[in-house]
Amino acid sequence: MILEYFRPATLSEAVELLQRNEPITIPLGGGLTLAKRSDDIAVVDLQSIGLNYIKIIETLTVIGATTTLEEMIVFYQDNRSVVEAIKIQCSKNQRVMGTIAGLIVSENGRSPLLTVMLALNAQIVWLPGEICISLEDWLPKRHDWKKAALISEIKVDNDVQVVFESVGRSPYDQPTICCAVAKWKTGRTRITFGGFGDNPVTAFDGDVNGDLITMIKNVLADSSDQWASSVYRQDAGTNLAMRLLKELK
Amino acid sequence: MILHLWINKTPTATEINVNENLLTVLRRLGFFGAKSGGCKSGECGACTVLFDGKPINSCSMLAAQADGHKVETIEGIGERPDQGWKKSVGLDPIQQAFIESGAIQCGYCTPAMVLAGKSLLASNPDPEESEIRDAISGVLCRCTGYKKPVSAIKAASMESQDSKVIEKATWSPEIQSDIELNRFSTVGKNEIKVDAIKLVQGKPAFTADIDLQGMLVAKVLLSTVAHARIKSINIKKAKELAGVHSVLTWKDLPRVVYSTAGQSDPIPGPLDTFSLDNKVRFVGDRVAFVAAETEEIAQQAIDLIEVEYEELPAVLDSTKSMLQETPKIHDEPEYINFANSNPIKNLAAEIRIDIGDVDSGFKEADKIFENEFEVPKVQQAHIEPHVVITYWDENDRLVIRSSTQVPFHARRILSPVLNLTIKRIRVIKPRIGGGFGGKQEILVEDVAAHLTIATGRPVRFEYTREEEFIASRSRHPMKLWMKTGVMADGTITANEMRVLTDTGAYGCHALTVTGNTGHKAMALYVGDGKYRKAPNIRFYADVVYTNHPPAGAYRGYGVPQGYWAVERQMELIANELGLDPIEFRLKNALRSGELHPFSTAWSEGREPKPEIIHTVGLEKCVEMGKKAIGWKEKALNVNWKNIPGKPHLRKGVGVAMVMQGTAIPYLDMGAASIKMNDDGSFNLLIGATDLGTGSDTVLGQMAAEVLGVPLDDILVYSSDTDFTPFDKGAYASSTTYISGGAVTKAAEEAAAMIKIRAAALLSSAEEILSPVDIVLKDKYAIAKNRKRISLKDIALETLHHNDQEQIMGIASFMSKSSPPPFAAQFAEVTVDIETGKLIVDKLVMAVDSGVIVNPLTASGQIEGGMVQALGYAVCEEMLYDQKGVAREKDLKDYHIFRVDEMPEIEAMFVESFEPTHPFGVKAVAEIPLDGVAPAVANAIQNACGAKLNQIPATPERIWRSLKSV
Ligand SMILES: Cc1cc2nc3c(=O)[nH]c(=O)nc-3n(C[C@H](O)[C@H](O)[C@H](O)COP(=O)(O)OP(=O)(O)OC[C@H]3O[C@@H](n4cnc5c(N)ncnc54)[C@H](O)[C@@H]3O)c2cc1C
Ligand code: FES
Ligand code: FES
C-alpha cells in the first residue's frame, strides 16, 4: 500500500528522498507496476525532475529515465525493430504512461524491448554516484541491487544497427521466443534472446565466426517453461538468429 | 491529500487517499463513463481517460500523479443535442459515427474507444487505418471484432462528404437475398441501436454505476488448494478488523444444494453446489465471504482468515476421473443426480446416442478413418467482470441488481439458497458489459445476497480479472475421438464421435453443453443417397468431474468443440481420398426438407420430437465465401503459396462448414408486453436480456414493424423480474427468434386494438369500415379508402376521450422447432515453416441466418464472434500445473486479440425466410464461434502440410507437426 507520495521538482531532491528506509521509498515512473503493489511504501514521482528527453550526444543516444515508451516510438519511428518490440510490449495506453527506466526495472525475460536493449548493449546510469553499468551486467544483480536508487539515463551507441523478430501466438502476443541482433560498424555483433525466464539472455557478443549455432543452442538449452520447450526454442531461435543475421548483411 | 486537477475543463479539488488510483476517484466523483475491467496490470483499457489529451488507463495511475493535470472523461465529450428546453452542443462526430456504424455492442469499451479516437483526431485529423488501430490499441473489445469502431473513427475523421459516404457504404454487409423485403419498413434496415446514444455518452447504465448509501464491499476468500476438506477456519482477527461488518463461512449458511447453471426448471444437470461448503474442490473455490466498508479493508480481512485444510489427492487428469481408485470429488449426501450422473464414478453426465445402424454403416464403407482431437479450456473474457449489488428495499424485499443473462432463472434458483420465497426477490438487470454465456451462471449473486441478509446493508461484489480466470466458468475442454466410414465416391456411411469432457469441480451445464457437441456438430453430415433418409450417427460422451475450475456456458455451447473434430476429420478424409474438400462436404451435408437427425434422439435431457429443417442456405454461403476469399485462385496455386524472397513462408486457405441451433424446442419461452402512450409511442417490456447483441433493437424493430411506427417510438425496457414478463434469458441463440416471436404477437394484439378503434373513428354513415380495412404505417392508421388518423389521436381518444381503455398487448412464444442457421467459414493464413509462427491474414464467414432484421447488428455479431473464435484457434488456452494452479490469471498471459493485430474480417449473409417465425428469422449469435478454428487449421494444412489435432495452433504445435510430416 502506498503511504506517502512525493513529487520532487529536482533530481537532487528525488535522490535524497530515495535514501529513506522507513517506509521503503521507491521511484515512480509511469506507475504501471507500483499502483498494484501491496506492501507499505512511499513513492517519489519522477514526472517533474526533467528526465524526460532523448538526446544525441556525440556517438551516443541518451534516453532520460522518464522518457515514455510512446516517446521512444516517435524517436525510433524509422527503426522497424524497436517500434515492433515496443508495440508487442505494450498497447498505446501503457506506452503513454510507461517509462523506459520503469520497464528496465520491472520487466523480465519475456520482454521484447528488454531483449532489444540488451542486444544494443544499453548502459544504465544510476544515481547517486553516476554509476554506469551495462544492462548485461546489471540484470543478473538486479534483485539485490542496493548500490544506487535511481536510474537517470540510459545510453545506447549510435553506430549500431538492430533487427528483431518475435514469435508468439498472435502478432502482438508476448513472445514465446524472440531474438534481437545488433551489429556495430566495427563488425561487433550481439545476439540476444527473450521470451522466457527472469532476464533476456545474450547468446553471442563479438565478431561473427565460430560455431554460432552451438552457442545459440547452449544458451537456449535450459529455456523450457510452461509456455514452450527448450527443444523448440533452440530450433526456432537458431532459425530466427540466422535469418536476422542475413538481414543485417 | 487534496487533489487539484481539471476534469473536462472544470477545475476540481477533492480529498483523496494517496493510495487511490485515478479510476476510483473519478468514479467517486460521478464520472461513471470510466469503467473497470478488474485488471491488476492495466490490460483492458476500459478505464481509459485522456490525460493531458492522451489516452491512459486510469486504473493504473495513482490519482496523485494527476495532480495539476487535465483529465477528460467521456462525460465531457458530447451529449444528446436536445435536452428539453436546453439545447446542447450535441454529440461529438466520433460518437455519432459510433452510433451509425454499429460500432457499439455491449458498450462497455465504447467510452474508452471514443476517447482514444478523439485524442488521435486532435493531433492527426486524417489518419490512416493503421494509425487508428494503433491509437485505440490500448482498449480491448470482446464484442465487435474492432472493424466497425475503426471504420467509425475513419468516417469521423474525413473532411469530404464523398469520402464519408464511401466509408459508410462499408458498414452494411453484403446480403444475397431472394426474399422480397421491401414489404417491411423497419425490419431488414440498419436501424441504430436503441441503447446506442446512452452508451456512447458513457451514461451510468451498468450494474456498478450506482452508489448506494452505506454500501459495503464484498470479497471472497478463495481456496489455494485443489481438493481438501476444511478442518478449521479462524475468522476472529478478520471480524475484529475495524470496518468489517460480516464474515461468513459454511457454518453460517443454510446447507442448500443447487446448480449455478442458469437454466429452466428442472435444471438438466446434477445439483452439486453449496454457497459455502466444508470442502473445496478447485484452486479458486469459495471458502469465506467478507463484507467491509472498503475494498481494502475487505481484502485485509480476507488475508486475516486462517484456514486449516486437510488436503485430499487432486484429480487433474480427466482420463483418470472415472477409475475406481480415483478420489471422489462429490461425496456429499445432499448431491442430487440428473439422468445418468453418478458421483461415485465422478461422472457428471453420460450421453449415449445411436441414430440408424452405425455398425452396419461402417461395414458398408470402403474406408474407415479414425482420429483423435483435443480442445482447451477457454474463457468468455467479457470486459465487464461479474458484478452484483444487493439491498433490502422498503418492503423488505431483496433487490438483486446484477449483470446477468438470466434474471428470471437467477430469482428462481436463488430463492431456496437464500431461504426467501421467489416473491420476496426482485432481480434487476441493467446493461450488461458482455456475457458470452459467462453470465448465464448464478455466480456472484448469492455472495452479495448472503452478506446483505447478514448485515442489512447494501453490498457490492465484483470479480477482479484474476477472479474471472480462477473462480469463474469457461468453455469445457474435451478430448474427442472420431470414426468415419466413407465410400470411394465420398459418401459418408457412418459417423461416430466419442467425447470425454472435463466439467471441472461442478457439473453446471455438464449434460447440455456436451449434448450440443453431438446434437449440432454431428448433425451436419448425414451422408448421401440412401443415407440421407437413414443416416448412421453415434455420439457417446462422458462428462467427468476433476479438480479444475468448473466449466459452464460459453457462446457456442459445446458446438465449437464438436466442429473442431468434425471439420478436421472431414479435411483429413478429403485430403486422403483426393476429394475436393468443399464438394465432399456439400455432398454429405444436410439439405432443406430433411429431418434433423438428432431431433428424434436427444433434446437437452427432455423428450425429443422430430423436426424438419426447412431452410438450408449452405451451398449459397459456400459460393459467396469462396469468391470473397479467392478460393479458386489460391487453394491449389503453388505460385501463390510461396512468397518471393521469403522462402520460410507459406500461404494457405481453408474452409469449414457449420450449423447451430435456434433456441431449445418445446422449452424456451419468452414473453413481451406492449402499451401505447398518449403520443402514440409504445413501451415495450421484455424479460429478454440484451448483452450487447442488439436484441433490444431487433425486438424493437419487430414491434415497430407491426405497429407502423419508427423504431424511435418504441421504448424498449429489459429487464426486471417485477415489471417485465418472463423470459428464459439470453442463451441458446434464442432471443431474436423466441422473444421476437413474443414481441410480434404482443404487437399484433395491440395493433388489433388500434385497428378496431381506427375503423370506428374513420367510419362514416356512408362507409362502415372494418378493422381488416386498416393498415398501420408511418404513425397512422390508414383505411383502404385512404382516410387516416394518427396514432397519437387514437391514443388520446382511447386514453382520455371516449370509451377509455389502455391499448396494449401481452404475449408469449414457445417454439416447436429449432431451425438451424448454417455457415461457410473461410480462412487465409501465412505460416513460417521454420518457427511455426502463424499469421491469420483473413477470415470470411457467409451465414444463412434467415431474415436479417438488422444487417449492422447481425454483421457485428459475426465479426466479433469470429474474433473470439480466432482466439480459440490460435492463442487462448487455460492451463494448470500439477497442483491445479492456473497459468493464466490476466489478459496478458491469456491473450485476446488487440485491434492492431487483427486479420481482415468479412461477414456476409445469405437470406432465407424461415417459415416457423413471423419474420422468418433464425439465430446469428453463436454460429461465428464454430468454424474459425478448423478453417484456420485446414488453411495451415493447405499452406504447409502440418496436420493439427489440437488447438490453439501455437507456434510450437505447428512446428512439431511440421517436424513429423
Ligand atoms: C499490462 C501490463 C502488463 C505488465 N506485465 C508485466 C510482467 O509480466 N512482468 C513485469 O515485470 N512487468 C510487467 N509490466 C510492467 C511494465 O511493462 C513496466 O512496468 C512498465 O513499462 C514500467 O514503466 P513505469 O514507468 O510505469 O514503471 P513504474 O511502475 O513506475 O515502475 C516500475 C519499477 O521501476 C522502478 N523505477 C521506475 N523508474 C525508475 C528509475 N528512474 N530508476 C529506478 N527505478 C525506477 C519503480 O520503482 C518500480 O519498481 C506490465 C505492465 C503492464 C501495463
Ligand atoms: S486497464 Fe484499467 S480496468 Fe482494465
Ligand atoms: S462493445 Fe467492446 S467490449 Fe463490448
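Placed above this text is the structure.
Here the residue numbers are simple positions, counted from 1 along each chain's written sequence. The lettering of chains begins at A and the numbering of ligands begins at 1, in the order of writing. Note on the predicted model: pLDDT of at least 70 is required for a residue's local features to be given, and 80 or more for side-chain atom pairs to be given and counted; whole-chain, interface and lining totals, by contrast, use all residues. Side-chain metrics rest on all non-hydrogen atoms present in the structure, leaving aside hydrogens and water.

Some thoughts on the overall build of chain A
The helix and strand tally for chain A stands at nine helices and 12 strands. We take the radius of gyration over the C-alpha atoms and set the globule estimate at 2.2 Å times the residue count to the 0.38 power. A globule of 249 residues ought to have a C-alpha radius of gyration of about 18 Å, and chain A, at 18 Å, matches this closely. Summarising its shape, the C-alpha atoms of chain A cover approximately 50 × 45 × 30 Å along the three principal directions. The buried share of chain A, reckoned over its 249 residues, is 60%. Only heavy atoms matter for contacts: two residues are in contact if any of them lie within 4.5 Å across the pair. Excluding contacts between residues fewer than 6 apart, the proportion of contacts in chain A whose partners are at least 24 apart in sequence is 56%. Element-wise, carbon and sulfur atoms account for 50% of the exposed surface of chain A, whose accessible area totals about 9900 Å². The convention is simple: Lys and Arg are positive, Asp and Glu are negative, and His and the chain ends are not counted. By convention, the charge on Lys lies at NZ, on Arg at CZ, on Asp at CG and on Glu at CD. Taking the average place of the 25 positive charges on the side chains of chain A and the average place of its 30 negative ones, the gap between the two points comes to 5 Å. By the criteria applied, helices consist of DSSP H or I runs no shorter than four residues and strands consist of E runs no shorter than two, each listed in order from the N terminus. For the exposure calls, accessible area comes from a 1.4 Å probe over protein chains only, and a residue counts as buried if that area is under 20% of its type's maximum, exposed if over 50%, partly exposed in between. Computed with a 1.4 Å probe, the accessible areas rest on the Shrake-Rupley method; for each residue, only the protein chains presented here act as cover.

Remarks on the overall build of chain B
The helix and strand inventory of chain B stands at 26 helices and 35 strands. Taking 30 Å as the expected radius of gyration for a compact globule of 965 residues, we find that chain B reaches 28 Å, a close match to that expectation. Taking the principal axes of its C-alpha atoms as reference, chain B extends roughly 85 × 80 × 60 Å. With 965 residues in all, chain B has 67% of them scored as buried. Taking as baseline every contact in chain B between residues at least 6 positions apart, the subset at least 24 positions apart corresponds to 79%. A total accessible area of about 32300 Å² is found for chain B, and carbon and sulfur atoms account for 51% of it.

Examining a negative patch on the surface
Like charges are joined within 9 Å and nonpolar side chains (Val, Leu, Ile, Met, Phe, Trp, Tyr) within 5 Å, but only among residues with over 30% relative accessible area and no salt bridge; these make up the patches. Any carboxyl oxygen of Asp or Glu that lies within 4 Å of a side-chain nitrogen of Lys or Arg is treated as forming a salt bridge with it. A contiguous patch of negative charge on the surface is contributed by Asp126(B), Glu128(B), Glu131(B) and Glu159(B). Mapped onto the fold, Asp126(B) is located in the loop between α3 (110-123) and α4 (129-135).

Concerning the packing of aromatic side chains
Each Phe, Tyr or Trp ring (for Trp, its six-membered ring) is paired with any other whose centre lies within 6.5 Å, and the angle between the two planes then decides the class: stacked below 30 degrees, edge-to-face above 60, tilted in between. Taken as a whole and judged by the stated rule, the model has 13 aromatic pairs over all chains. Aromatic side chains Trp126(A) and Trp145(A) sit 5.4 Å apart centroid to centroid with 45 degrees between the ring planes, which places their arrangement in the tilted category. With Trp126(A) in strand β6 (residues 123-127) and Trp145(A) in the loop between α7 (135-138) and β8 (150-157), this pair connects stretches of sequence that are 19 residues apart. Grouping residues by exposure puts Trp126(A) and Trp145(A) together as buried. With a centroid separation of 6.4 Å and 75 degrees between ring planes, the pair formed by Tyr335(B) and Tyr545(B) is classed as edge-to-face. Taken together, the residues span a long stretch of sequence, with Tyr335(B) in the loop between β14 (306-311) and β15 (347-355) and Tyr545(B) in strand β23 (residues 537-545) at a distance of 210 residues. On the basis of relative accessibility, which here comes to 0%, the residue Tyr545(B) falls in the buried class.

With respect to the interface of chain A and chain B
Listed by partner, the interface residues are 49 residues for chain A and 49 residues for chain B. When the two sides are added together, the surface that chain A and chain B hide from each other amounts to roughly 4200 Å², 52% of it contributed by carbon and sulfur. Counting across the chain A and chain B interface gives seven salt bridges. Under the rule applied, a polar contact is a pair of N or O atoms within 3.5 Å (in protein, one hydrogen donor and one hydrogen acceptor; residues adjacent in sequence only if both atoms are side-chain atoms). Viewed at the interface, chain B and chain A are joined by 34 residue pairs in polar contact (both at pLDDT 80 or more). For the side of chain A that touches chain B, the secondary-structure elements that each account for two or more residues are β1 (2-6), β3 (41-45), α3 (80-89), α4 (92-97), β9 (160-167) and α9 (230-248) of chain A. In this classification, Asp, Glu, Lys and Arg are treated as charged, Ala, Val, Leu, Ile, Met, Phe, Trp, Tyr, Cys and Pro as nonpolar, and every other residue, Gly included, as polar. For the side of chain A that touches chain B, the class distribution of residues is 21 nonpolar, 14 polar and 14 charged. A 1.4 Å probe defines the accessible area here, and the buried area is the portion of it lost by two parts on being joined, summed over both.

Things to note about the sheet that holds strand β27 (residues 682-686) of chain B
Backbone hydrogen bonds hold the strands of a sheet together, and the pairing may be parallel or antiparallel. Residues and elements named next belong to chain B. A pair of strands is considered paired only if DSSP assigns at least 2 bridges between the two. The four strands lie next to each other as β28-β27-β26-β32, forming an open sheet whose pairing is mixed. Sheet topology places β28 (714-717) and β32 (808-814) at the edges, where each strand pairs with a single neighbour. Taken over all neighbouring pairs, the strand axes of this sheet differ in orientation by 20 degrees on average, direction set aside. Direction of pairing for strand β26 (residues 669-676) relative to β27: antiparallel, over a ladder of five bridges. Bridging from a neighbouring strand, Lys675 pairs with Asn683 of β27. For helices, the fitted line uses only the C-alpha atoms of the stretch in contact; every axis is such a line through C-alpha atoms, and the angle between N-to-C directions lies from 0 to 180 degrees. In the packing of helix α22 (residues 735-762) onto the sheet, the strands contacted are β26, β27 and β32, and the crossing angle to β32 comes to about 150 degrees.

Here we look at the site of ligand 1
We call a residue near a molecule or strand as soon as one heavy atom of that residue lies within 4 Å of the molecule or strand. Contacts to ligand 1 come from 30 residues, most closely from Gly30(A), Thr33(A), Thr99(A), Ser106(A) and Glu107(A). At 2.5 Å, a backbone N or O of Gly30(A) approaches an oxygen atom of ligand 1. Within the contact set of ligand 1, a nitrogen atom lies 2.5 Å away from a side-chain nitrogen or oxygen of Lys892(B). In the complex, the protein chains occlude 90% of the 950 Å² of accessible area that ligand 1 would expose alone.

Focus: the sheet that holds strand β29 (residues 774-777) of chain B
Residue and element names in this part refer to chain B. The three strands lie next to each other as β29-β30-β31, forming an open sheet whose pairing is antiparallel. For this open sheet the edge positions go to β29 and β31 (788-790), each flanked by a neighbour on one side alone. Neighbour-to-neighbour, the strand axes of this sheet turn through a mean angle of 20 degrees, independent of strand direction. Strand contacts of helix α23 (residues 791-801): β29, β30 (780-783) and β31, with the helix running at about 70 degrees to β31, the strand carrying the most contacts.

Some thoughts on the environment of Ser321(B)
Residue and element names in this part refer to chain B. For Ser321, the position within the fold is in the loop between β14 and β15. Since its relative accessible area comes to 0%, Ser321 is described here as buried. Considering only alpha carbons, one finds Ser321 and Asp502, 181 residues apart in sequence, at a separation of 9.0 Å. Excluding anything up to four places from it in sequence, Ser321 contacts Val315, Thr326, Lys345, Asn346, Val544, Tyr545 and Thr546. At a separation of 2.7 Å, a polar atom in the side chain of Ser321 contacts the main-chain carbonyl oxygen of Tyr545.

Side note on the state of the cysteines
In protein structure, a disulfide is the covalent linkage between the sulfur atoms of two cysteines. All names here are of chain A. When the sulfur atoms of two cysteines come within 2.5 Å, that pair is taken as a disulfide. Taken as a whole, this structure holds zero disulfides over all chains when the rule is applied. In this model Cys179 remains outside any disulfide bridge; the closest cysteine sulfur is found in Cys178, 7.7 Å from its own. In this structure Cys179 comes out as buried when scored by relative accessible area, which is 0%.

Regarding the packing of helix α2 (residues 93-101) of chain B against helix α5 (residues 147-157) of chain B
Residue and element names in this part refer to chain B. One can describe the packing of α2 onto α5 by two numbers: an axis separation of 8 Å at closest approach and a directional angle of 135 degrees. Regarding the angle of α2 to α5, the classification is oblique. Helix-helix and strand crossings are classified by hand; for α2 and α5 the assignment is right-handed. Seen from α2, the contacting residues are Pro93, Ile94, Ala97, Phe98 and Ser101; seen from α5, they are Lys148, Pro149, Ala152, Ile153 and Ala156. Grouping the amino acids of the contact of α2 with α5 by side-chain chemistry returns eight nonpolar, one polar and one charged. Orientation is classified from the angle alone, with under 35 degrees giving roughly parallel, over 145 giving roughly antiparallel, 65 to 115 giving roughly perpendicular, and any other angle giving oblique. The handedness criterion is simple: a crossing whose near helix is rotated anticlockwise from the far helix by less than a right angle is left-handed, and one whose near helix is rotated clockwise is right-handed.

Brief notes about helix α17 (residues 581-588) of chain B
Residues and elements named next belong to chain B. Counting buried residues in α17 gives six out of eight residues, a clear majority hidden from the surface. Of all the residues in α17, the buried ones are Pro581, Ile582, Phe584, Arg585, Leu586 and Asn588. Sitting at the head of α17, Asp580 places a side-chain oxygen 2.8 Å from the backbone nitrogen of Ile582.

Focus on the nonpolar core
Only buried residues count toward a nonpolar core. Its members are Ala, Val, Leu, Ile, Met, Phe, Trp, Tyr and Cys residues joined through side-chain atoms within 4.5 Å. Counting 211 residues, the largest nonpolar core has Phe98(B), Leu838(B), Val936(B) and Ile940(B) as the members making the most contacts within it. In contact with Val936(B), other than residues within four places in its own chain, are Ala827(B), Val829(B), Leu838(B), Val840(B), Leu843(B), Ala873(B) and Val874(B). Of all hydrophobic cores here, the second largest spans 55 residues; its members include Leu18(A), Leu113(A), Leu118(A) and Ala122(A).

Looking at the environment of Val201(A)
Residues and elements named next belong to chain A. Turning to its location among the elements, Val201 is positioned in strand β12 (residues 201-207). On the accessibility criterion, Val201 (22% relative accessible area) is partly exposed. Separated by 46 residues in sequence, Val201 and Glu247 have C-alpha atoms that sit 21 Å apart. Not counting the four nearest positions on each side in its chain, Val201 is found in contact with Leu118, Ile191, Thr192, Phe193, Phe196 and Val219.

So, the packing of α22(B) against α23(B)
All names here are of chain B. Close contact between α22 and α23 brings their axes to 10 Å; oriented N to C, the two are set at 95 degrees. Classified by the interaxial angle, the pair formed by α22 and α23 is roughly perpendicular. Across the interface between the two elements, Ile754, Arg757, Ala758 and Leu761 from α22 touch Leu791, Ile794, Glu797 and Thr798 from α23. Split into classes, the residues belonging to the contact of α22 with α23 amount to five nonpolar, one polar and two charged.

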